[in-house]
Amino acid sequence: MPLQKLASIAAHTDRIWEISPHPTLPLLATASSDRCSRILSLRSFTSLSTIDGGHKRSIRSVAWKPNSRGESVLATGSFDSTAGIWRRYEDDAGMTTGGEYNDEEDEEWRFAVILDGHESEIKSVAWSSGGSFLATCSRDKSVWVWEELDDDNFETVAVLMEHTQDVKCVAWHPEEVLLASASYDDTIRLYREDLDDWVCCTRLSEHESTVWCVVFEPLTALNYDEKRNSRLVSCSGDKTVRIWTRVGQKGVGNDGSSGALPSILRGAPVEEEWVCSAVLPKAHSRSIYSVSWSPRTGRIVSCGGDGKIVVYEESTDLSGEKEDGQESSWKVVAEMDGAHGVYEVNCVSWSARYDKDKRGDDDEIIISAGDDGEVNFWVLE
């Protein structure tokens with residue numbers, strides 16, 4: 001099952017740290033050391049616009065706000081220790097109906113608000129599933145949670161100081177108000193809101209080096225099982241990709257929905273137990289920087305300092321080879337050495353496919369970005 005390159009865009013003059021596909025539109029945002037973000041078309045594989053002027057140092061992270069009708073909202077996190085919120089009016093056509101969306105219109109991006117408070121470089125930004133909360137993390141060892149009260153009015157609702165080193169990544173659960181962070185201290189922490197406070201409810205410490213990235217399993221994935229508890233994937237400088245599964249308690253506190261009710265008892269337990277339920281086959285020879293979990297097929301893709309992209313597929317066949325305690329087996333279904341030539345690959349992501357050769361509504365592509373400043377687009381044949 002080989003990876004075939006569809007296209008490549010020389011998007012930046014310096015390294016690209018991160019890429020983020022828009023949740024509903026054929027757009028991709030980039031974060032680069034050249035202090036700007038570019039918006040690329042996933043339909044024509046061309047550059048549409050440049051977002052710059054808001055940060056004084058490298059843009060390290062970008063994230064699209066979900067559920068934004070009539071406009072696109074992008075958060076940027078920078079080495080200048082600030083986060084920026086950018087807005088652009090959009091025609092709603094094609095956002096959810098599959099209609100034609102005109103990605104050639106060069107509507108101006110507005111630098112709406114700047115969020116400051118971190119004492120050092122911001123490494124990651126992430127919106128909660130309902131779009132109510134924005135999480136940021138930093139080299140200052142902290143994780144901040146911001147709540148958007150109304151347009152351009154953000155309040156700091158939590159400053160979490162659980163990590164002992166640089167915090168590399170933050171990620172939200174796709175349904176619950178549950179936040180994960182990954183750190184240079186080799187651990188993963190999970191947090192949730194408890195009455196008027198945010199608390200750490202889990203510490204995962206089986207990685208033996210920096211944890212670079214964490215991603216929750218999408219609820220729409222082909223192999224998602226409602227009977228099974230939530231899962232999380234992480235990657236590390238120890239050259240492993242691990243799957244973590246929550247044991248026992250189901251989640252509470254849905255973001256933007258009226259599902260579960262919070263406990264009214266002060267002191268009610270919020271601790272959760274998560275276990276490492278799988279270690280994926282070893283395929284990387286250097287640090288693994290990024291993982292992405294497909295919301296369509298349930299496959300996982302990874303990339304890292306060895307310049308390689310690796311795709312994994314899960315099998316629940318009990319006859320497959322599994323390590324002790326693992327609930328399922330995973331296998332490598334595709335590898336691409338030198339995905340960006342001699343350069344490290346910093347970020348990888350699954351995305352819906354929009355170009356003229358897409359083979360149906362469920363077709364997907366893999367997008368990668370590296371130190372060469374290029375964005376590459378791949379299809380799994």
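To keep things clear, this report deals only with the structure shown in the data block. (Residues numbered from 1 in each chain as written. Predicted model: local features only at pLDDT ≥ 70, side-chain atom pairs only at ≥ 80, totals over all residues. Heavy atoms only, no water.)

Before going further, it helps to examine the overall build of the protein chain. Helix and strand counts for the protein chain come out as 0 helices and 28 strands. Residue burial in the protein chain is summarised as follows: out of 381 residues, 58% are buried. The long-range share in the protein chain, meaning contacts at least 24 apart out of those at least 6 apart in sequence, stands at 57%. Within the structure as shown, the protein chain displays about 16,000 Å² of accessible surface, and the carbon and sulfur contribution to it stands at 44%. (Helix = DSSP H or I, 4+ residues; strand = E, 2+ residues; numbered from the N terminus. Buried < 20%, exposed > 50% of the residue type's maximum accessible area, 1.4 Å probe, protein only. Contact = heavy atoms within 4.5 Å. Areas by Shrake-Rupley, 256 points an atom, 1.4 Å probe, with all protein chains shown as cover.)

Time to look at the sheet that holds strand β8 (residues 83-89). Strands sit in the order β6-β7-β8-β9 across an open sheet of 4 strands; the sheet is antiparallel. Either end of the sheet is taken by a strand with one partner, and the two such strands are β6 (59-64) and β9 (110-115). Across this sheet, the average inter-strand angle for adjacent strands is 25°, counted without regard to direction. Bridge analysis of strand β7 (residues 71-78) against β8 gives 7 bridges, and the strand direction is antiparallel. (Pairing = 2+ DSSP bridges. Axes fitted to C-alpha atoms, helices over the stretch in contact; angles between N-to-C directions.)

Extensive coverage of β6 is indicated by the burial of 6 of its 6 residues. Sheet analysis places β6 next to β7, joined by 5 bridges and oriented antiparallel. Bridge pairing links tryptophan 64 to leucine 74 in β7. Where β6 hands over to β7, the hairpin turn is made up of 6 residues, of which asparagine 67 adopts a positive phi near 60°.

For the rest of this paragraph, the subject is the packing of aromatic side chains. Under the definition given, this model contains 12 aromatic pairs. Ring centres of tryptophan 172 and tryptophan 198 lie 5.9 Å apart, and the angle between their planes is 80°; on these two criteria the pair is classed as edge-to-face. With tryptophan 172 in strand β14 (residues 167-172) and tryptophan 198 in strand β17 (residues 197-204), this residue pair connects regions lying 26 residues apart in the sequence. Like tryptophan 172, the residue tryptophan 198 is buried in the burial classification. Between tryptophan 293 and tryptophan 330 the ring centres are 6.2 Å apart and the planes differ by 75°, which places this aromatic pair in the edge-to-face class. With a gap of 37 residues between them, tryptophan 293 in strand β22 (residues 288-293) and tryptophan 330 in strand β25 (residues 329-336) connect regions that are remote in the sequence. The two residues tryptophan 293 and tryptophan 330 agree in class, both being buried. Pairwise contacts between aromatic rings join Phe133, Trp172 and Trp198 into one cluster. (Phe/Tyr/Trp six-rings, centres within 6.5 Å; stacked < 30°, edge-to-face > 60°.)

What follows covers the environment of aspartate 166. The topology assignment puts aspartate 166 in the loop between β13 (153-160) and β14. Judged by relative accessible area, which is 9%, aspartate 166 ranks as buried. For aspartate 166 and serine 120, which are 46 residues apart along the polypeptide, the C-alpha to C-alpha distance reads 9.6 Å. Every residue in contact with aspartate 166, bar those within four places of it in the chain, is listed here: Lys123, Ser138, Arg139, Lys141, Ser183 and Tyr184. Among the polar contacts listed, one links the side chain of aspartate 166 to the side chain of lysine 123, at a separation of 2.6 Å. (Polar contact = N/O pair within 3.5 Å; in protein donor to acceptor, adjacent residues only side chain to side chain.)

This part covers the nonpolar core. By size, the foremost hydrophobic cluster in this structure holds 32 residues, and its most contacted members are Val214 and Leu232. No other element matches strand β18 (residues 211-216), which puts 5 residues into this core. If we ignore the near neighbours within four places in the chain, the residues touching leucine 232 are Ala180, Ile188, Leu190, Leu204, Val214, Val215, Phe216, Arg242, Ile243, Trp244, Trp274 and Trp293. (Core = buried A, V, L, I, M, F, W, Y, C linked by side-chain atoms within 4.5 Å.)

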